[in-house]
Amino acid sequence: MSKRIAIFPASFDPITLGHVDLIDRVCKLDVFDELVIVIGVNPAKQERFTIEERIQMLEEVIKPYPKATIAGDAGLMVHYAQTRGACAIIRGLREISDFEWEFKMARMNQQIAPEIDTLFMVANKQYAHISSTLVMEVVEMGQGKLSEEKLLEMVPPVVVEFIKQKFHVR
């Protein structure tokens, strides 16, 4: 039997508690032998953290998950999934508006690589409003006044440390 590999792509700029929740839930399903967390590059987004910084954050976060590994790729995720021999791409849905875009992308991926399924996972309600982009907008517009306690409601402790260093948050 071949190894069952799933790909979980996102910018992870930075990783949020919503991302961590999905990683935890996918690993607990015990459906896949490996979950490859792929740091994707989105040319439409302004990057706040380098790929190296995101890898460092993710390495800390995935320590409790022996099935999880980290990779980076700037191309189409479906092509990356093919090269890794993956059988699934995991996508998180925070709200209804996410579904329309993700559905179109899943259909396109299905046309390109029909052997790879897309699995949608609905975000837990406590994380549904959290996105990497929104977290960083709050940090940047908060001018260093956002408390560590509030940040820990959105991102893992390792990310708080990176934010404190890079954006001089108290």
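Up top you'll find the structure we're talking about.
All values reported here derive from a predicted model rather than from experimental measurement.

Draft legend 1. The overall build of the protein chain, seen in detail. When helices and strands are counted, the protein chain shows 7 helices and 5 strands. The secondary structure elements of the protein chain, listed N-terminal to C-terminal, are β-α-β-α-β-α-β-α-β-α-α-α. For 170 residues, the compact-globule estimate of 2.2 N^0.38 gives 15 Å, and the C-alpha radius of gyration of the protein chain, at 16 Å, lies within 12% of that figure. By the burial criterion, 46% of the 170 residues in the protein chain qualify as buried. Pairs at least 24 apart in sequence give 77% of the contacts found in the protein chain among residues at least 6 apart.

Draft legend 2. Quick peek at the nonpolar core. Counting 39 residues, the largest nonpolar core has F12, I15, I23, L35, I37, I90 and I163 as the members making the most contacts within it. Where this core is concerned, the elements lending two or more residues are strand 1 (5–10), helix 1 (17–29), strand 2 (34–40), helix 2 (51–61), strand 4 (88–93), helix 5 (132–141) and helix 7 (157–167). It is helix 1 that provides the largest number of residues to this core, a total of 6 residues. Among residues more than four places away in sequence, those in contact with I37 are F8, F12, I23, L58, I62, A68, T69, I70 and A71. Judged by nonpolar contacts, the second largest core, of 13 residues, contains I5, M77, Y80 and I89.

Draft legend 3. Quick look at the pattern of salt bridges. Under the defined criterion, the tally for this structure stands at 17 salt bridges. Between K67 and D30 there is a salt bridge whose closest N-O contact spans 2.4 Å. Remark: D30 occurs in the loop between helix 1 and strand 2 and K67 occurs in the loop between helix 2 and strand 3 (68–73); sequence separation between them is 37 residues. With relative accessibility at 51%, the residue D30 sits in the exposed group. As a salt-bridge pair, E47 and R54 come within 3.2 Å of each other at their nearest N and O atoms. When its relative accessible area of 1% is taken as the criterion, R54 is described as buried.

Draft legend 4. The layout of surface pockets, seen in detail. Its volume calculated, the largest pocket comes out at about 1,100 Å³. Elements with a contribution of two residues or more to the lining of the largest pocket: strand 1, helix 1, helix 3 (77–84), strand 4, helix 4 (96–112) and helix 5. Take the lining of the largest pocket: its biggest share by element is 8 residues, from helix 4. Grouping the constituent residues of the lining of the largest pocket by class yields 19 nonpolar, 12 polar and 7 charged.

Draft legend 5. Seen up close, the packing of aromatic side chains. The tally for this structure, following the rule as stated, stands at 5 aromatic pairs. Ring plane angle 80° and centroid distance 5.8 Å describe the contact between F49 and F167, whose orientation is recorded as edge-to-face. Linking F49 in the loop between strand 2 and helix 2 with F167 in helix 7, this pair joins segments that are 118 residues apart in sequence. In this structure F167 comes out as partly exposed when scored by relative accessible area, which is 22%. Arranged with centres 5.4 Å apart and planes meeting at 35°, the rings of F99 and F103 form a pair that is tilted. A residue pair is termed a helical-turn pair when its members lie 3 or 4 positions apart in one helix, as F99 and F103 do in helix 4 at 4 residues. Relative accessible area serves as the criterion here: at 34%, F103 is assigned to the partly exposed category.

Thresholds applied
- Residues numbered from 1 in each chain as written.
- Predicted model: local features only at pLDDT ≥ 70, side-chain atom pairs only at ≥ 80, totals over all residues.
- Heavy atoms only, no water.
- Helix = DSSP H or I, 4+ residues; strand = E, 2+ residues; numbered from the N terminus.
- Rg over C-alpha atoms; globule rule 2.2 N^0.38 Å.
- Buried < 20%, exposed > 50% of the residue type's maximum accessible area, 1.4 Å probe, protein only.
- Contact = heavy atoms within 4.5 Å.
- Core = buried A, V, L, I, M, F, W, Y, C linked by side-chain atoms within 4.5 Å.
- Salt bridge = Lys/Arg side-chain N within 4 Å of Asp/Glu carboxyl O.
- 1 Å grid on protein atoms, 1.4 Å probe; cavity = no way out; pocket = protein on both sides within 12 Å on 5 of 7 lines; lining within 4 Å.
- Points joined across faces, edges and corners; volume = space filled by probe spheres on them.
- Nonpolar A, V, L, I, M, F, W, Y, C, P; charged D, E, K, R; others polar.
- Phe/Tyr/Trp six-rings, centres within 6.5 Å; stacked < 30°, edge-to-face > 60°.

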